[in-house]
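Chain by chain, the residues:
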Amino acid sequence: MVSQAANRIFTCPANSAYPISGMKKTQQSGAAQTQAFHSQKNLEALFEQAPALIAIFLGPDHKISLCNPKFRHVLGDRDILGLPLRKAFPELEGQGWFEIVDRVYRTGEQASGTAKPALLDRHGGKLEQLYFDFIYQAYRDETGKIAGVTVFGLDVTSQVRASEELIASEERYQAFIHHSNEGIWRIELDEPILATQKPAEQIRQMYKHAYLAEANHAMAVMYGFKSPEDMVGLRLSELLVESDPRNTEYLLAFIKSGYSLSGVDSHEVDKNGKDKYFRNSLVAVLENGMVIRAWGTQQDVTEQHLAQKALSDSEARLALALKASKMGFWEWNIATGDLMWSEELKVLFGLKPDDEVTYDRYLSLLHPDDRANAQRIILEAQQTGKEYRMEHRCIWPDGSVHWLLGQGKAFRKNGKVERMLGTTMNIDDRKLAEDELHQTEAINAALKNQQAELVALNDSKDEFISLASHQLRTPATGVKQYIGMLLEGYCGDVTDKQRNFLEIAYESNERQLRIIDDLLKVAHVDAGKITLTRMPTDLVAL
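The following paragraphs examine the structure supplied in this document. Since the model is a prediction, treat every value here as computed from it, not as a measurement.

## Observations concerning the overall build of the chain
Next up, step 1: Each helix and strand in the chain was counted, giving 16 helices and 15 strands.
Next up, step 2: Taken across its 542 residues, the chain has 35% of its residues classed as buried.
Next up, step 3: When contacts within the chain are restricted to residue pairs at least 6 apart in sequence, those whose partners lie at least 24 apart make up 50%.
Next up, step 4: Taken as a whole, the chain presents about 33700 Å² of accessible surface, with 54% of it coming from carbon and sulfur.

## A short note on the pattern of salt bridges
Next up, step 1: Enumeration according to the criterion identifies 20 salt bridges in this entry.
Next up, step 2: For E128, the salt bridge is made with R122, and the minimal N-O distance between the two is 3.4 Å.
Next up, step 3: You can call R122 partly exposed: its relative accessible area is 22%.
Next up, step 4: With its nearest N and O atoms 3.0 Å apart, the salt bridge here joins D300 to K276.

## What about the sheet that holds strand β12 (residues 339-341)?
Next up, step 1: An order of β12-β11-β15-β14-β13 is seen for the 5 strands of this open sheet, with the pairing classed as antiparallel. Sheet topology places β12 and β13 (388-395) at the edges, where each strand pairs with a single neighbour. Strand-to-strand twist across the sheet, computed as the mean angle between neighbouring axes with direction ignored, equals 25°.
Next up, step 2: As judged from the 7 bridges shared by strand β11 (residues 327-333) and strand β15 (residues 416-426), these two strands associate in the antiparallel manner. Along β15, the bridge assignment pairs F329 with T423.
Next up, step 3: Lying over the sheet, helix α14 (residues 368-384) contacts β11, β13, β14 (401-413) and β15, oriented at roughly 150° with respect to β13.

## A look at the nonpolar core
Next up, step 1: Counting residues in each nonpolar core, the largest one holds 32 residues, and the members touching the most others are Y223 and M231.
Next up, step 2: Once residues within four sequence positions are removed from consideration, Y223 is found in contact with M231, L239, E268, V269, D270, K271, F278 and Q298.

## Quick look at the packing of aromatic side chains
Next up, step 1: One pass over the full model with this rule turns up 12 aromatic pairs.
Next up, step 2: Relative to Y259, the ring of F254 lies with its centre 5.7 Å away and its plane at 90°, an arrangement referred to as edge-to-face. For the pair F254 and Y259, one class covers both residues: buried.
Next up, step 3: Here the aromatic rings of W341 and F349 are separated by 4.8 Å at their centres, their planes lie at 40°, and the arrangement is tilted. Both residues of the pair, W341 and F349, count as buried.
Next up, step 4: The ring of F411 carries K409 above its face, with NZ or CZ at 5.8 Å from the centroid.

## Digging into the sheet that holds strand β5 (residues 146-155)
Through backbone hydrogen bonds, the strands of a sheet pair up, either in parallel or in antiparallel fashion.
Next up, step 1: A sheet is described by the order of its strands in space; here 5 strands give the open sequence β2-β1-β5-β4-β3, paired in antiparallel fashion. In this open sheet, the two edge strands, each paired with only one partner strand, are β2 (63-67) and β3 (111-121). Across the sheet, the mean angle separating the axes of adjacent strands is 35° when strand polarity is ignored.
Next up, step 2: Of the strands in this sheet, β1 (53-58), β3, β4 (127-140) and β5 touch helix α5 (residues 97-107), which is tilted by about 5° from β4.

What counts, and at which threshold
- Residues numbered from 1 in each chain as written.
- Predicted model: local features only at pLDDT ≥ 70, side-chain atom pairs only at ≥ 80, totals over all residues.
- Heavy atoms only, no water.
- Helix = DSSP H or I, 4+ residues; strand = E, 2+ residues; numbered from the N terminus.
- Buried < 20%, exposed > 50% of the residue type's maximum accessible area, 1.4 Å probe, protein only.
- Contact = heavy atoms within 4.5 Å.
- Areas by Shrake-Rupley, 256 points an atom, 1.4 Å probe, with all protein chains shown as cover.
- Salt bridge = Lys/Arg side-chain N within 4 Å of Asp/Glu carboxyl O.
- Pairing = 2+ DSSP bridges.
- Axes fitted to C-alpha atoms, helices over the stretch in contact; angles between N-to-C directions.
- Core = buried A, V, L, I, M, F, W, Y, C linked by side-chain atoms within 4.5 Å.
- Phe/Tyr/Trp six-rings, centres within 6.5 Å; stacked < 30°, edge-to-face > 60°.
- Lys NZ or Arg CZ within 6 Å of the ring centre and 35° of its normal.

Shown next, in the form of structure tokens:
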């Protein structure tokens, strides 16, 4: 196109060395001269109005013999006609332009280029970077000899700069995409979705037609992929858990918001099917009432979600445990004075679930004998940050007294106590058991004392029996011997009546000795000195 336009313009006589308005006119007459005149005028108008840069350089020093207004304006509106090219534009030295003109003039070969840069001093003292598409052709005289060089060029500076800006913008975009810690994605649709359809139908078509067209590295990592290319092309249904009603609510909110949503969580799965949770900001592109694509960013909040779920589960388990153990929980914000009691704790103090509780009311519920000690322990915990444990009594509104076990801890920051939390449980049963145990221990101690007294008495008895037996047996034995001697006649004959009296005395003494022997046996049994031996016995004989 550039070459054809140049050929159409440069149809002037080959030996012309001046501007078109000063070219020699061939001698013609009549209608032919008139026609040539009009053709010349048309050529001059085209030359003057052409948006291209047009010029003719003559001679080996490339004097600027002809140039149109566009050429002069783009190159700085300088007075350059008749000047050698190097003198007219000295700043082009070393930029390759002069060498191209020299080669065309020397060889006659056409030279062309696109978006060739040129540093030009258009306004005096400051070089500007411009870009040109150009064609240099040899300009020959009537004999065919090269007389100069014709120039046809286009200023493409704005196009090049726009292209460079586009490239730079794309590079910035890619750099931002690549280095962002957030997942960045673009969703395309196999078929556009009519935005006036019912939301349920739009959601169905999103799952059916949407696919991932672009993603950055951060997003790929979130899903367990090594690079974005590994996940491009995945269907929306492969990422977003369609069966989760929270995702339906998420897409429904996106539609109802006018296809622009921020800070909404979604439940998705990575390449291994593992649950993931993301916080999304997204916007759709609509054309003619049709949704054609969507852009968005996302943050991986899986750990945060799981931590929140674990906290909720823990709180649920704690509530069940407190309820099962009849234990109450409390938390006290020291800065604001807010005191939170669980329903179980209020029950332990005889209060209703909807009763308001303050620290002062808590103190008023304590038994007067325990109140000062409780205040001292709580104050000490606030000052030290140590855990505390205390038993105290409380008085219910109905006047009944109950025992409680309280435990708590103060949390300090920058040397100041911020909050306290703790638990309380009823220990009435334990206190009752302790009282019963104390009573049992007292009874056991009394019985033990009684036992010791009985043992002492028994020892005294044994000692008495042993002593008495010895003391009684000695005279009784003597009596037996003397009576026996009398009966044997050692003192002479005795009458029948005397013998009868002596036998009665002897038998009485024998019974006494047997009693003494039995007492000694009892003492021996108590002392464990009697060994029983088993042996066959004839019960009939007994």
